[in-house]
Amino acid sequence: MKKILTIVGARPQFIKAAAISHVVRDKYAGKIAEDILHTGQHYDAAMSARFFDELDIPRPRYNLGVGSGSHGVQTAAMLEGVEAVLLAERYDGVLVYGDTNSTLAGALAAAKLHVPVYHVEAGLRSYNRAMPEELNRLLTDHASTLLFAPTATAVHNLEKEGFEKERVVAAGDVMLDNVMHYRPEAVRRKKWPLDGRPMILATVHRDFNTDDPKRLRAIVEALERVGERLDATVVFPVHPRTRGHMAGMGGDATRLRCVEPLSYLETLSALDSCRLVMTDSGGLQKEAFFCGRPCVVLRPETEWAEIVDCGAARLADADVDAVVCAAEAMWDAAVPRPTQFGDGHAAERILDAICC
Ligand code: UD1
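Computed from a predicted structure; not experimentally measured.

A.B. asks: Please explain the site of the ligand as it appears in this structure.
C.D. replies: What surrounds the ligand is a group of 20 residues, the closest being His42, Tyr43, Asn101, Glu133 and His205. Separating an oxygen atom of the ligand from a side-chain N or O atom of Gln41 is a distance of 2.9 Å. The separation between an oxygen atom of the ligand and a polar side-chain atom of Ser68 is 3.5 Å. Across the complex, the protein chains shield 85% of the 740 Å² of accessible surface that the ligand would expose by itself. Classifying every residue of the shell around the ligand by side-chain character gives 5 nonpolar, 9 polar and 6 charged.

Below, the structure written as structure tokens:
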């Protein structure tokens, strides 16, 4: 029996970890025992507890309660907390997900204690080192024992950087596992659209978009303008980080409808109802693609280049005209079937590799 510690902290990690935890419970009972450690990076009920309830993720055995802070303060507190857990209890491996500060802290604490690190969603690169996530990805990959790449591009990126073949597993994407599993239920529970107009689903939370008032103002103005031009309602679930910076923006908007952050099932049901997605989130870009919705990526580049390459998404940096033009171009775009992200059984492939 292998004893694994799953380390999560931020919203997208709860979603990814759910795919693994369900397969551990259903198919690997007796082979893998999993404990969950929550760093506490996300702590609002709408950003954390709701995902555990809705996705039926086992309660965390540990919660470090780290909360918000500068990168150094937050990552240091997590490192210290994860190390204490790994010193107190023997684990055969640590599972980390994606590219947040919780990912890096978990990987680094474990690697320094010679505990094998398993990185789910390895090999992603935006080649923009100004993004904290890019540094987290690079450093986590290098600290990892096994690297689970979601796409052929990710495998290729790791090959280019000289990772040994034996460490890299082309697993597919656990986010696709989840969409395939939860989508029918989400569509059944559907509560959208809000009015008779076609719907656009928009989210913005990247620090370079939210923390620069000029960029955020341009994006908010562009979303309202897109709603007017396409005669659509823009549903905008607002991340707490974004809300803090939005004071005074979008006040007289008529097409932009700000709402609280959505749960996972609410997101999938909104995706089913909408005609276009506009986002700077990596996860939502992919979920849009998996659900057959065209996407405008509110960033100058993306680590999910295959979605842009196949015509399902278009990049638009924070400029009103560029965003409006991209939205108009994508409004009627046909989205090809996703073939680049595996077959919906990534979690099984990951657990097979960990077990053997
Ligand atoms: C983090 C990840 C990002 C991921 C995102 C998903 C890093 C560097 N970034 O960004 O990669 O895409 O999570 O959402 O790890 N806040 C609250 N309540 C919460 C959580 C956050 O109010 O429950 C507010 C706080 O003001 C906080 C700010 O949001 O300072 C930013 O939170 P933080 O966890 O630092 O980063 P995210 O922007 O959420």
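What follows continues from the structure just given.
A.B. asks: Please clarify how the side chain of Arg255 should be interpreted in this entry.
C.D. replies: Structurally, Arg255 can be placed in the loop between helix H10 (240-245) and strand E10 (256-259). Polar contacts involving the side chain of Arg255 include one to the main-chain carbonyl oxygen of Gly227, which spans 3.2 Å. A distance of 3.5 Å separates a polar side-chain atom of Arg255 from the backbone oxygen of Ala232. Those residues in contact with Arg255, other than ones at most four positions away along the chain, are Arg197, Glu224, Gly227, Glu228, Asp231, Ala232, Thr233 and Val234.

A.B. asks: Just checking my understanding: could you explain the packing of aromatic side chains for this structure?
C.D. replies: One pair of aromatic rings is described through two measures. These are the centre distance and the angle between the planes. Enumeration over the complete set of coordinates arrives at 7 aromatic pairs. Considering the side-chain rings of Phe14 and Phe51, the 6.4 Å spacing of their centres and the 45° angle between planes classify their relative orientation as tilted. With Phe14 in helix H1 (residues 11-27) and Phe51 in helix H2 (residues 49-54), this pair connects stretches of sequence that are 37 residues apart. Exposure remark for Phe14: the relative accessible area of 1% places this residue in the buried category. With relative accessibility at 2%, the residue Phe51 sits in the buried group. Here the aromatic rings of Phe289 and Phe341 are separated by 6.0 Å at their centres, their planes lie at 70°, and the arrangement is edge-to-face. Highlighted residues: Phe289 in helix H12 (residues 282-290) and Phe341 in the loop between helix H14 (320-330) and helix H15 (346-355), separated in sequence by 52 residues. A single burial state applies to Phe289 and to Phe341, both of which are buried.

A.B. asks: Looking at this structure, I do not really get the sheet that holds strand E9 (residues 233-237). What am I missing?
C.D. replies: Within a sheet, each strand pairs with its neighbour through backbone hydrogen bonds, oriented either parallel or antiparallel. Spatial strand order, E10-E9-E8-E11-E12-E13: 6 strands in an open sheet with parallel pairing. Every other strand in the sheet has two partners, leaving E10 and strand E13 (313-315) as the edge strands with one partner each. Averaged over all pairs of adjacent strands, the angle between their axes in this sheet comes to 20°, without regard to strand direction. Relative to strand E11 (residues 276-279), strand E8 (residues 199-203) runs parallel, the two sharing 4 bridges. The partner of Leu201 across the bridge, within E11, is Val277. Sheet contacts for helix H9 (residues 213-229): E8, E9, E10 and E11; angle to E10, the most-contacted strand, approximately 125°.

A.B. asks: What is the right way to read the packing of helix H4 (residues 101-112) against helix H5 (residues 132-143) from this model?
C.D. replies: Any two packed helices are characterised by how steeply their axes cross, that is the angle between the axes, and by the distance between the axes. For the pair H4 and H5, interaxial distance at closest approach is 9 Å and the crossing angle is 25°. In terms of axis orientation, H4 runs roughly parallel to H5. Relative to H5, H4 is oriented so that their crossing is left-handed. Here Asn101, Thr103, Leu104, Ala107 and Ala111 of H4 come into contact with H5, specifically with Asn136, Leu139, Thr140 and Ala143. Broken down by class, the residue content of the contact of H4 with H5 amounts to 5 nonpolar, 4 polar and no charged.

A.B. asks: Teacher, can you tell me more about the packing of H9 against H14 here?
C.D. replies: With their axes 9 Å apart at the nearest point, H9 and H14 run at an angle of 40° to one another. The handedness of the crossing between H9 and H14 comes out as right-handed. Contact with H9, carried on its side by Ala218, Glu221, Ala222, Arg225, Val226 and Arg229, involves Val320, Asp321, Val323, Val324, Ala327 and Glu328 of H14 and no other residues of that element.

A.B. asks: When you look at the pairing of E9 in this model, what are you seeing that I'm missing?
C.D. replies: The side chains of a regular strand alternate, residue by residue, between the two faces of the sheet. With 5 of 5 residues buried, E9 is to be regarded as a mostly interior element. Residues Thr233, Val235 and Pro237 line one face of E9 and the alternating positions Val234 and Phe236 line the opposite face, and both faces are buried. Read as a crossover between parallel neighbours, the route from E9 over H10 to E10 is right-handed.

A.B. asks: Even after reading the chapter, I still don't get unusual backbone geometry, so can you show me in this structure?
C.D. replies: Most peptide bonds take the trans form, and the phi angle of most residues other than glycine is negative. One non-glycine residue, His114, lies in the positive phi region at around 65°. Within the element layout of this structure, His114 appears in the loop between H4 and strand E5 (117-120). Although it is not a glycine, Tyr127 adopts a positive phi angle of roughly 60°. Take Tyr127: it is sitting in the loop between E5 and H5.

A.B. asks: What's the story with the pattern of salt bridges in this structure? I'm lost.
C.D. replies: Between side chains of opposite charge, a pair can form as their charged atoms come close. The tally for this structure, following the rule as stated, stands at 35 salt bridges. Of the charged contacts in the structure, one is a salt bridge between Lys165 and Glu159, with a shortest N-O distance of 4.0 Å. Beyond isolated ion pairs, a larger network of salt bridges with shared partners links Asp99, Glu134, Arg137, Arg299, Glu301 and Glu303.

A.B. asks: Could you clarify how one ought to interpret the nonpolar core in this entry?
C.D. replies: If you look at soluble globular proteins, the nonpolar side chains tend to sit buried side by side. Counting 71 residues, the largest nonpolar core has Ile20, Phe148 and Leu271 as the members making the most contacts within it. Residue contributions to this core peak at 8 residues, all from H1. When sequence neighbours within four positions are dropped, the list of residues in contact with Phe148 reads Tyr118, His119, Val120, Glu121, Ala122, Val169, Ala171, Ile350, Ala353 and Ile354. Membership of the second largest hydrophobic core comes to 31 residues, among which are Leu216, Val226, Val238 and Ala318.

Criteria and thresholds
- Residues numbered from 1 in each chain as written.
- Predicted model: local features only at pLDDT ≥ 70, side-chain atom pairs only at ≥ 80, totals over all residues.
- Heavy atoms only, no water.
- Near = heavy atom within 4 Å.
- Polar contact = N/O pair within 3.5 Å; in protein donor to acceptor, adjacent residues only side chain to side chain.
- Areas by Shrake-Rupley, 256 points an atom, 1.4 Å probe, with all protein chains shown as cover.
- Nonpolar A, V, L, I, M, F, W, Y, C, P; charged D, E, K, R; others polar.
- Helix = DSSP H or I, 4+ residues; strand = E, 2+ residues; numbered from the N terminus.
- Contact = heavy atoms within 4.5 Å.
- Phe/Tyr/Trp six-rings, centres within 6.5 Å; stacked < 30°, edge-to-face > 60°.
- Buried < 20%, exposed > 50% of the residue type's maximum accessible area, 1.4 Å probe, protein only.
- Pairing = 2+ DSSP bridges.
- Axes fitted to C-alpha atoms, helices over the stretch in contact; angles between N-to-C directions.
- Parallel < 35°, antiparallel > 145°, perpendicular 65-115°, else oblique.
- Left-handed = near helix turned anticlockwise from the far one by under 90°.
- Right-handed = clockwise from strand over helix to strand, strands pointing away.
- Salt bridge = Lys/Arg side-chain N within 4 Å of Asp/Glu carboxyl O.
- Core = buried A, V, L, I, M, F, W, Y, C linked by side-chain atoms within 4.5 Å.

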